[in-house]
Amino acid sequence: GLASGSHDVTSPMPGTILSVDVKPGDAVEPGQVVCVLEAMKMKNPIRASFGGTVVETLARAGQTVAYGDVLVRLS
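Worth saying up front: this structure is predicted, and the values here are computed from it rather than measured.

Colleague: Where do I start with the overall build of the protein chain in this structure?
Modeller: Along the backbone of the protein chain there are zero helices and eight strands. On C-alpha atoms alone, the protein chain measures out to a radius of gyration of 11 Å, which is about the 11 Å that the 2.2 N^0.38 rule sets for 75 residues. If one aligns the C-alpha atoms of the protein chain with their principal axes, the spans along those axes are about 30 × 25 × 20 Å. When burial is assessed residue by residue, the protein chain has 31% of its 75 residues classed as buried.

Colleague: How do you make sense of the environment of His7 when you look at a structure like this?
Modeller: On the secondary structure map, His7 appears in the segment before strand S1 (8–10). Since its relative accessible area comes to 31%, His7 is described here as partly exposed. Counting along the chain gives 56 residues from His7 to Gln63, while the straight-line C-alpha distance between them is 21 Å. Setting aside residues up to four positions removed in sequence, His7 forms contacts with Phe50, Val72, Arg73, Leu74 and Ser75.

Colleague: How should I be thinking about the pairing of strand S4 (residues 33–39) in this particular structure?
Modeller: Residues in a regular strand point their side chains to alternate faces of the sheet. Among the seven residues in S4, five count as buried, and that is most of the element. Pairing analysis gives six bridges linking S4 to strand S5 (residues 42–47), with the strands arranged antiparallel. Paired with Val36 across the strands is Pro45, a residue of S5. Hairpin connection from S4 to S5: two residues lie between these consecutive antiparallel strands, with Met40 at a positive phi of about 50°.

Colleague: Just checking my understanding: could you explain the side chain of Asn44 for this structure?
Modeller: If you trace the backbone, Asn44 turns up in strand S5. Relative accessible area serves as the criterion here: at 16%, Asn44 is assigned to the buried category. Aside from chain neighbours lying at most four places away, what touches Asn44 is Met13, Cys35, Val36, Leu37, Glu38 and Ala39.

Colleague: Any chance you could explain the sheet that holds S5 here in plain terms?
Modeller: The strands that make up a sheet pair up through hydrogen bonds in the backbone, lying either parallel or antiparallel. On the basis of which strands lie adjacent, the open sheet formed by four strands has the order S5-S4-S2-S7 and antiparallel pairing. Across the chains shown, the open sheet's two edge strands, defined by having one partner strand only, are S5 and strand S7 (64–65).

Colleague: Got a minute to help me understand the environment of Val9 in this structure?
Modeller: As for its position among the elements, Val9 is in strand S1. Linking Val9 and Leu71, residues 62 residues apart in sequence, is a C-alpha distance of 5.7 Å.

Colleague: I'm lost on the pattern of salt bridges in this one. Help?
Modeller: Side chains that differ in charge, positive against negative, can pair when their charged atoms come close. Throughout the structure, instances matching the rule amount to three salt bridges. Several salt bridges converge on common partners, so that one network encompasses Asp8, Glu56 and Arg73.

Thresholds, definitions, all that
Residues numbered from 1 in each chain as written. Predicted model: local features only at pLDDT ≥ 70, side-chain atom pairs only at ≥ 80, totals over all residues. Heavy atoms only, no water. Helix = DSSP H or I, 4+ residues; strand = E, 2+ residues; numbered from the N terminus. Rg over C-alpha atoms; globule rule 2.2 N^0.38 Å. Buried < 20%, exposed > 50% of the residue type's maximum accessible area, 1.4 Å probe, protein only. Contact = heavy atoms within 4.5 Å. Pairing = 2+ DSSP bridges. Salt bridge = Lys/Arg side-chain N within 4 Å of Asp/Glu carboxyl O.

And the structure:
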């Protein structure tokens with residue numbers, strides 16, 4: 001993994017990204033939905049566990065992701 005203290009929002013499960021709700025430069029509050037993941041026919045909002053500013057979005061709508069994939073990077 002990355003060094004502790006990294007501000008990556010990672011996928012909690014395998015699935016397909018339905019939407020990415022933030023863009024680089026956005027301020028994110030703890031608990032804010034940053035993207036929506038479909039897994040097992042259910043929509044799962046993925047929330048930031050910490051606040052910060054979006055540095056980059058690595059996920060895009062329609063992308064299939066695995067457990068632990070970085071979806072959004074914060075600073």
